[in-house]
Amino acid sequence: MLSSLLLTTAALGLGYAYSTTSECDYKWITQPIDHFYQTNGTYQQRYSIFDEFYKPGGPIMFFQGEESWYLDCANTTVVYEYAKQLGGLAVSLEHRYFGQSMPFGKNSHTISNLKYLTLDNVMADAVSFIEHVKATNKGAADSRVLVASGSYGGFMAAAFRLNHPDTFFGSLASAGPVRSFSNSSDPETFNWWRWVNRIYLDRSEEASNKIQNAFQVLQKRLVSPDVASLKEQLGLCTVPTANDTAGNAQIVSAITHLYSLATELNYPTVKPGRSPIANSFEKFINVALEESDPIQLLNQTFWLWFGAEGDSQASCFNYTDSNFVRTGVPLIEYDSFDYITCTYVPLASSNIPNGTIFPPSPTASDAIPQYCQLKFGVTPMTQEEIFERYHFSPAELRNSTRILWSNAEYDPTSAVSIDYLPTPVDKCASRMILTSDMAHREDLFLPDPTDSKTLTALRNKELQIFKEWLEFCH
């Protein structure tokens, strides 16, 4: 069971700041395409740096770029605020093979060129970058580095600390998955949807029962003589037929997936590229409570997301395109991220067990490896291989130091993140905080007036922990 820490608000001076990635003065560093001498080429990796708060010897607050097509400028992330409070540098580094940091330019996504997209190279990029920052900023040679990132980036932030402790003094791993890898027959691979199920039931059993009934009605309609009328009722691009098993399964799957996104990305404001609507979970619940027609319940829910203005807006529900649902979160650069999930972060998050309010959808244990072999000619690492090679075993996580795991109530990633750490006596021991009324990696955004009280308290707690690490840990 996930442990939690009761957060109390501490007035540590976190304020509000606003900036945009488009205003960022990006810089570039030359990196080896392969740090381990399998090729001699180099590429240009993008980064940002802000030194207005820096006092020589202050910490380097480092945001590691995530799986998106753009790099978050350091001054649009919480590390900027923490640098202000700690007298540090604020820096961010784009992930290789994402955004404009492409080792082979437009040819970076060929199978032969993707082989340099490894966790070892990603970590080596970060180490090399930190060496560059220390060498080019007066007084930073002995500065300690606190790395932060979220989601897949949370996994990376922990990996940096676990595998390169001499470079990375501490880590904020927000929404970092560390379980439910690879083998789809592992019972833990059902954790994601068990968490989603519980979020809905906890909020409203009435709404949950109506959602469950709506999916049951939809599944019956899809094999009925009246299936064609669903084109108009759901805004489908093409007329469905009862014998199109794959297409009809895609209709159900795409709508189901939105119920997960609505909780995971339940932000109080629109987050372009992430969530096209504010307070998505509450809005989905309200539709379920107010709509009496089961098909219209699902239709209105679907078009709340895909009908909103922004990059995810659709003219019709293109269920025959297996990638359609991915357009719901358009910031992710899937060409590169697919390769990562087929190699060293093979997270299984689509298995829906029996007994939830959602249609069961177990994935065959060989489905992911088959997909990865077909698309990239690679086999995902097993959970045991990841644990051993990159020091993610439960014992090593329990005994680790200075990793702050931040998990959120609304976020199903919490179900596949670290589930338990002993209550620390040592200030330098790693710890986990589960925060209520918070969504996916929400603590990594700059503070905002719409933030919940618990999110504000969490950021204050994070800052307090960083101060303790810097003062008492060596």
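For every chain, the first residue of the written sequence is number 1, and numbering continues from 1 onward in sequence order. Side-chain atom pairs in this predicted model are given and counted only at pLDDT of 80 or more, local residue features only at pLDDT of at least 70, and totals for whole chains, interfaces and linings cover all residues. With hydrogens and water set aside, each side-chain value is computed from the structure's full complement of heavy atoms.

Some details on the confidence of the model for the chain
Where the model shows low pLDDT, its predicted coordinates should not be examined in detail.
In step 1: Summarising the model, the chain shows a mean pLDDT of 93, and 95% of its residues fall at 70 or more.
In step 2: Of the regions scoring below 50 in pLDDT, residues 1-20 engages in 51 contacts with residues more than four places distant in sequence or in other chains. By definition, pLDDT measures how confident the predictor is in each residue, and it falls between 0 and 100. Contacts were defined at the residue level, with two residues in contact if any of their heavy atoms lie within 4.5 Å.

What about the state of the cysteines?
In step 1: Throughout, a disulfide means two cysteine sulfur atoms within 2.5 Å of one another. Under the criterion given, the structure shown has four disulfides.
In step 2: With a sulfur-sulfur separation of 2.1 Å, Cys342 is cross-linked through a disulfide to Cys372. In this structure, the disulfide formed by Cys342 and Cys372 twists by about -80° around the S-S bond and is classed as left-handed. With Cys342 in the loop between helix 11 (334-341) and helix 12 (367-376) and Cys372 in helix 12, the pair connects residues that are 30 residues apart, well separated along the chain.
In step 3: Buried means the residue's accessible area, taken with a 1.4 Å probe over protein chains only, is under 20% of the maximum for its type, while exposed means over 50%, and partly exposed covers the values in between. Assessed through its relative accessible area of 1%, Cys372 is described here as buried.
In step 4: The side chain of Cys428 participates in a disulfide bridge whose partner is Cys473; the two sulfur atoms lie 1.9 Å from each other. Here the S-S torsion is close to -105°, and the disulfide linking Cys428 with Cys473 is therefore left-handed. Of the two residues, Cys428 is situated in the loop between strand 7 (403-408) and strand 8 (431-435) and Cys473 in the segment after helix 15 (453-472); the sequence distance between them amounts to 45 residues. Exposure class is identical for Cys428 and Cys473. Each is buried.
In step 5: Sequence-ordered numbering of the disulfide-bonded cysteines in the chain gives the connectivity 1-2, 3-4, 5-6, 7-8. Numbering of helices and strands starts at the N terminus; helices are DSSP runs of H or I of at least 4 residues and strands are runs of E of at least 2.

A closer look at helix 4 (residues 152-163)
In step 1: To estimate how far a helix should extend, the number of its residues minus one is multiplied by 1.5 Å. Given a rise of 1.5 Å per residue, 12 residues ought to cover 16 Å, and the 16 Å separating the end C-alpha atoms of helix 4 matches this to within 8%.
In step 2: Most of helix 4 sits out of view: 12 of its 12 residues are buried.

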